[in-house]
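Coordinate inspection notes
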Amino acid sequence: MGIVLAMQGALSQGILWGLMALGVYITFRLLDIADLTVDGSFATGGAVCAVCLVNGVNPILALILSTIAGFIAGWITGVLHTKCQIPAILAGILTQIGLYSINLRIMGRSNTPLLQYDNVFSQLEELTGLSSNWVVLIIGLIVTILVIVALYWYFGTEIGSSIRATGNNEQMVRALGVNTNVTKTLGLMISNGLIALSGALVTQQQGYADVRMGIGAIVIGLASIVIGEVIFGHKGAFGTRLTSIVVGSVIYRIIVAVVLQMGLNTDDLKLLTAILVAIALTVPIVMNKQKQLSMYKKLTGKEK
Amino acid sequence: MLQIKNVSKTFNPGTVNEKKALDRLNLHVEEGDFITIIGGNGAGKSTLMNMVAGVYPIDCGTIYLDGKNISLQAEYQRAQMIGRVFQDPMLGTAADMAIQENLAMANRRGKKRGLKWGITPKEKEIFHEQLKRLGLGLEDRMTSKVGLLSGGQRQALTLLMATLIKPKLLLLDEHTAALDPRTAKKVLDLTNEIVNEQNLTTLMVTHNMQDAIHIGNRLIMMHEGKIIYDVKGEEKKQLKVSDLLKKFEEASGEEFANDRMMLG
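Residues numbered from 1 in each chain as written. Chains lettered and ligands numbered in written order. Predicted model: local features only at pLDDT ≥ 70, side-chain atom pairs only at ≥ 80, totals over all residues. Heavy atoms only, no water.

As for the overall build of chain B
Selection rule: Secondary structure elements follow DSSP: runs of H or I no shorter than four residues count as helices, runs of E no shorter than two count as strands, and numbering proceeds from the N terminus. What the globule rule says is 2.2 Å times the number of residues to the power 0.38, and the radius of gyration is computed from C-alpha atoms. Type-normalised accessible area, obtained with a 1.4 Å probe on protein chains alone, sets the label of each residue: buried when under 20%, exposed when over 50%, and partly exposed for intermediate values. Working rule for contacts: check all heavy atoms of both residues, and any pair within 4.5 Å makes them a contact. Under the convention used here, a 1.4 Å probe and the Shrake-Rupley method define accessible areas, while residue burial counts only the protein chains that appear.
From N to C terminus, chain B includes 10 helices and 10 strands. Against the globule reference of 18 Å for 264 residues, chain B gives a C-alpha radius of gyration of 19 Å, in line with a compact fold. Here the C-alpha coordinates of chain B stretch approximately 60 × 40 × 35 Å along the principal axes. In chain B, buried positions account for 53% of the 264 residues. Taking all contacts inside chain B whose residues are at least 6 apart in sequence as the whole, residues at least 24 apart take part in 67%. If you sum the accessible surface of chain B, you get close to 12200 Å²; carbon and sulfur atoms cover 48% of it.

So this is what it looks like as structure tokens:
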């Protein structure tokens, strides 16, 4: 029974955190930038959401405000990277570190418990009488589908196409009359907006916000992306790729649930995640090498 | 059309690597001119192209294009008027995007990009027609990723992209240099065809002296950031490679020891 509950929990966790992974995908794969703002903006989403709930703001409005806070965080990284020409990784780190203090300021303390306040999940629970796990799943799925549809549409538009092209070939995009500073900043804003939205949903679901809740989020996001890619491949259509990331996020949570059930110490989880990402990034390269080698052996062997 | 007045550019000023790439350069390009630009390594040919395109800021001087002072405009702003093809076939296209997506991006050069869909059905028809004339069979592979194309195909596509919206000025920076001789000829023929058809004002850097003589209506030779020879019309048509070599030795006082140019 414990394992079934754990799996159900993993599924809903995976979907809520999957939104964060979608955000990471936009910078990591589409813009080809390793944006480390994530760890900060995820907690910013949580912090803004917590303060909203404590002050009686409608939980859905709280999600929207959190997303906007994420946009702003992404914009700051974007300005640092494009206008100030700070390398993307460093620009992200600067924002992330700065956000730690800002998140503390927003909440006024390092941890805000929210159990006595209404949230989107408890509201739906009261409305439908479903169990909390089901409610998280339903809301998570609805938001995820909305986000995937919106991303699919946006990155097919004129401006969205130029954001994708910027990650591909910046020089060409400028030669075609697009200000790449704008496209990069837009990409970073959308990315961190999604990440903050994910942070806000996780906050509402777990019933507290913590200033440290974002630590290692980037690695979890990467894990979801690479797990999705290992299973579904690199090449699929855009909609498939977005879906594969959410699936990757769910699989990541299932792996975590399994190893925790097997008795792994929660303190070791981050190490496990890091190893998982390293392996998942290595596997395609090793497999390619193997394929090359076996082809060589096959072809050269024939000539003997 | 294009007027370059007293433009200078020095890279790494004040260091041991100081390099005067352009030295008080003046050039007046008439509407419809097709100018070939030759010169040794480091003569400033590519720098000239990059200055006109706005890749780096110029140190001094002014550049007018179509009566507008564009000296301080950013690269992406000038792109509205300028079409470009680069030496590296990888630079002109987005590898992970489909052929038609690349063309759709080019079809919006210098226009405002909003939330309309990135490519329309009508555009697809136009692209199909345009690709057909390249004679490379790309019209049947419009949804293929550009990364799957060969260098020559990518250059031909880039050329089409640069001229899809008629540019006021076309900049070709050794755009056939990275191709094998046969493909280079094909791309060059295509260049000639498109430029003549649309009567485009064009600057073409080349290291091939034969091409420089046979193509276009005007030839410029550069040396150490200056234009040392400027010839057009009948006189240009009569030129021989040996004339150009002599001219270079005269102007620079050195022997023209550049294999790439000799072999052309």
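Brief notes about the packing of aromatic side chains
Residue and element names in this part refer to chain A. Threshold: The aromatic pairing rule takes the rings of Phe, Tyr and Trp, using the six-membered ring of Trp, and pairs them if the centres are within 6.5 Å, calling planes under 30 degrees apart stacked, those over 60 edge-to-face and the rest tilted.
Scanning the model with the defined rule gives 6 aromatic pairs over all chains in all. Residues tyrosine 154 and phenylalanine 155 carry aromatic rings whose centres are separated by 5.5 Å and whose planes lie at 85 degrees to one another, so their mutual orientation is edge-to-face. Of the two residues examined, tyrosine 154 and phenylalanine 155, each falls in the buried class. The structure contains a cluster of three or more aromatic residues connected by ring pairs, namely Tyr152, Trp153, Tyr154, Phe155 and Phe238.

Points about the sheet that holds strand β5 (residues 68-69) of chain B
All names here are of chain B. Note the following rule: For two strands to be treated as a pair, DSSP must find no fewer than two bridges joining them.
The antiparallel open sheet is built from 4 strands, whose spatial order is β2-β1-β4-β5. With one partner strand each, in any of the chains shown, β2 (19-29) and β5 form the two edges of the open sheet. The pairing of strand β1 (residues 2-11) with β2 spans 7 bridges and is classified as antiparallel. Each residue of the ladder has a partner; that of phenylalanine 11, found in β2, is lysine 19.

Quick look at a nonpolar patch on the surface
All names here are of chain A. Threshold: Only residues above 30% relative accessible area that lack a salt bridge enter a patch, with like-charged residues linked at up to 9 Å and the nonpolar side chains Val, Leu, Ile, Met, Phe, Trp and Tyr linked at up to 5 Å. When a carboxyl oxygen of Asp or Glu is within 4 Å of a side-chain nitrogen of Lys or Arg, the pair counts as a salt bridge.
On the surface, a cluster of nonpolar side chains totalling about 780 Å² of accessible area is made up of Ile60, Leu61, Ile64, Leu65, Ile68, Phe71, Ile72, Trp75 and Ile76. Checked against the element boundaries, isoleucine 64 lands in helix α3 (residues 59-82). On the accessibility criterion, isoleucine 64 (45% relative accessible area) is partly exposed.

Comments concerning the pattern of salt bridges
Per the counting criterion, the structure on display carries 20 salt bridges over all chains. The closest approach of N and O atoms between B:Glu101 and A:Arg164, which form a salt bridge, is 2.7 Å. Note that B:Glu101 is positioned in helix α3 (residues 99-106) and A:Arg164 in helix α7 (residues 158-168), a pairing that runs across two chains. Measuring nitrogen to oxygen at the nearest pair gives 4.0 Å for the salt bridge that ties B:Asp23 to B:Lys20. Among the ionic contacts, a cluster of salt bridges with common partners joins A:Glu170, A:Arg174, A:Lys184, B:Glu75 and B:Arg84.

Digging into the nonpolar core
So the rule is basically this: Among buried residues, the Ala, Val, Leu, Ile, Met, Phe, Trp, Tyr and Cys ones that are joined through side-chain atoms within 4.5 Å form a nonpolar core.
One finds A:Met20, A:Leu22, A:Val24, A:Leu151 and A:Leu201 to be the most contacted residues of the largest nonpolar core, which totals 69 residues. Among the elements that take part in this core, helix α1 (residues 2-30) of chain A stands out by supplying 12 residues, more than any other. Among residues more than four places away in sequence, those in contact with A:Leu151 are A:Leu22, A:Ile26, A:Ile190, A:Leu194, A:Phe238 and A:Leu242. B:Ile119, B:Leu164, B:Leu190 and B:Val195 belong to the second-largest nonpolar core, a separate cluster that totals 38 residues.

Comments concerning the sheet that holds strand β7 (residues 169-173) of chain B
Residues and elements named next belong to chain B. Using the following cut-off: To obtain each axis, a line is fitted to C-alpha atoms, and for helices this fit is confined to the stretch in contact; angles are then taken between N-to-C directions over 0 to 180 degrees.
Across the sheet, 6 strands lie side by side as β6-β7-β8-β3-β9-β10; this open sheet has mixed pairing. Edge positions in the sheet fall to β6 (82-85) and β10 (226-232), since each has one partner strand and no second. Geometrically, the sheet is characterised by an average inter-axis angle of 20 degrees between neighbouring strands, direction not taken into account. Relative to β7, β6 is paired through 4 bridges, and the arrangement is parallel.

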